[in-house]
There are 2 protein chains.
Amino acid sequence: MGNRIITISREFGSGGRTIGRETAQKLGIPCYDEAIIEKIAEESGFSREYIKERGEYTPSASWIGNALAGRDFNGYSPSDQLWTVQSNIITELARKSSCVIVGRCTDYVLKDKADCLTVFIHASMEKRAERIVRVYGESNETPQKRLKDKDKRRRAYYQMYTDTEWGIARNYHIALDSGVLGIEKCVEIIFGLY
Amino acid sequence: MGNRIITISREFGSGGRTIGRETAQKLGIPCYDEAIIEKIAEESGFSREYIKERGEYTPSASWIGNALAGRDFNGYSPSDQLWTVQSNIITELARKSSCVIVGRCTDYVLKDKADCLTVFIHASMEKRAERIVRVYGESNETPQKRLKDKDKRRRAYYQMYTDTEWGIARNYHIALDSGVLGIEKCVEIIFGLY
């Protein structure tokens with residue numbers, strides 16, 4: 001039997017990463033999240049910070065300027081280069097073994113390439129705000145502002161590289177509100193679908 | 001304990017109605033779908049055909065013309081009147097007992113009024129096309145054309161009366177692809193969340 005991949009797309013602060021990790025643990029298969037950043041860093045020379053930030057988000061300010069900056073004569077930017085390396089690594093991981101992969105447009109990258117269960121995790125602004133303060137600590141900006149900014153840039157990144165809208169129910173096999181259902185219930189449901 | 005309502009929004013041909021009915025049966029609670037049409041007919045005087053068609057869909061052609069037609073001096077159209085009767089009946093049913101309600105923007109109507117589990121059921125165009133021919137038979141139009149028309153008008157209706165976009169993952173507690181997961185699995189998951 002071929003490999004089976006669970007792809008987890010998630011709103012920032014929804015606990016999608018935890019759900020991915022716990023589901024993988026229950027299934028006894030690897031979960032790739034931070035490990036992908038390491039692999040991309042090794043293969044590309046990009047810094048971990050750049051990969052973390054630009055492998056899922058459009059730049060925060062002066063979008064057009066940033067998007068055009070640093071393009072080579074073919075119009076190929078560092079961000080495009082990162083997308084290519086990232087996509088190749090994701091495809092390679094899916095070929096190697098069954099696994100859970102969190103974020104990085106994996107659902108799109110593996111479309112028609114692997115047997116995937118595509119998952120989207122979301123939660124209300126209130127639940128996510130509470131969670132990011134608990135998990136990542138306070139910052140100068142309000143949690144609401146941080147979430148809005150992350151949502152906007154993640155949506156734009158997804159749209160830019162996949163030409164598909166982010167967070168539309170029909171693009172995923174299952175979408176779950178982790179704030180209402182709870183992390184454990186989400187893990188249980190995804191586990192039961194594998 | 002108060003009543004618990006399962007609201008099922010669905011793409012046409014996705015089997016959402018069957019999922020609602022089977023979940024209700026398993027839970028031993030009523031499922032309202034066609035019964036709502038009967039109730040609306042009794043209370044409003046609208047014909048069953050009009051209710052069926054205009055309680056979930058915008059008119060098929062000449063949208064602006066139709067939307068404006070028949071408005072009284074307050075700008076209140078027959079469609080608005082149907083919306084009001086329909087919303088009142090849905091609210092009344094939710095007050096009476098725990099139940100499953102299929103379609104008719106129930107998730108929006110009961111927002112902040114009842115303890116709801118909001119579900120969205122969708123499936124690929126191919127799966128739905130195959131299903132509508134099997135369930136509703138052939139027609140003069142291709143199944144794809146029928147689905148596109150229904151999708152468009154149902155989305156427009158939802159948007160018009162709720163000012164919210166239809167089919168966005170974050171608007172539902174759970175969204176399921178019945179074509180990939182299968183009707184039975186969807187019933188099992190919803191049953192497990194009740």
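Provided above is the structure to which this section pertains.
In this report, we go over the structure that sits alongside the text. (Residues numbered from 1 in each chain as written. Chains lettered and ligands numbered in written order. Predicted model: local features only at pLDDT ≥ 70, side-chain atom pairs only at ≥ 80, totals over all residues. Heavy atoms only, no water.)

Some remarks on the side chain of Arg4 of chain B
Residue and element names in this part refer to chain B.
Then comes step 1: Mapped onto the elements, Arg4 comes out in strand β1 (residues 4-10).
Then comes step 2: With relative accessibility at 18%, the residue Arg4 sits in the buried group.
Then comes step 3: In this structure the side chain of Arg4 is engaged in a polar contact, spanning 3.4 Å, whose partner is the backbone oxygen of Leu193.
Then comes step 4: Every residue in contact with Arg4, bar those within four places of it in the chain, is listed here: Ser98, Cys99, Asp115, Cys116, Leu117, Leu193 and Tyr194. (Helix = DSSP H or I, 4+ residues; strand = E, 2+ residues; numbered from the N terminus. Buried < 20%, exposed > 50% of the residue type's maximum accessible area, 1.4 Å probe, protein only. Polar contact = N/O pair within 3.5 Å; in protein donor to acceptor, adjacent residues only side chain to side chain. Contact = heavy atoms within 4.5 Å.)

Examining the pairing of strand β5 (residues 174-177) of chain B
Regular strands place side chains that alternate from one sheet face to the opposite one.
Then comes step 1: On β5 of chain B, burial covers both faces: Ile174 and Leu176 of chain B on one face and Ala175 and Asp177 of chain B on the other are all buried.
Then comes step 2: Both strand β5 (residues 174-177) of chain A and β5 of chain B contribute to a ladder of three bridges, which runs antiparallel. Within β5 of chain B, the residue paired with Ile174 of chain A across the bridge is Leu176 of chain B.
Then comes step 3: Of the strand pairs in this sheet, strand β4 (residues 115-122) of chain B and β5 of chain B are connected by four bridges, and their pairing is parallel. If you follow His122 of chain B over to β5 of chain B, its bridge partner there is Asp177 of chain B. (Pairing = 2+ DSSP bridges.)

Structural notes on the relation of the copies chain A and chain B
Then comes step 1: Structural alignment of chain A on chain B gives an RMSD of 0.0 Å, achieved by rotating through 180° and translating 0.0 Å along the axis. Each copy turns onto its partner about a two-fold axis.
Then comes step 2: A share of 100% of the interface residues of chain A reappears at the interface of chain B, consistent with the copies meeting face to face through the same patch. (Least-squares fit on C-alpha atoms with pLDDT ≥ 70 in both.)

Notes on the pairing of strand β3 (residues 99-102) of chain A
Residues and elements named next belong to chain A.
Then comes step 1: Residue alternation in β3 divides its side chains into two sets, Cys99 and Ile101 and Val100 and Val102, and both sets are buried.
Then comes step 2: The pairing of strand β1 (residues 4-10) with β3 spans four bridges and is parallel. Bridge pairing in β3 links Ile5 to Cys99.
Then comes step 3: Sheet topology note: the strand β2 (residues 31-32)/β3 ladder contains two bridges and is parallel.

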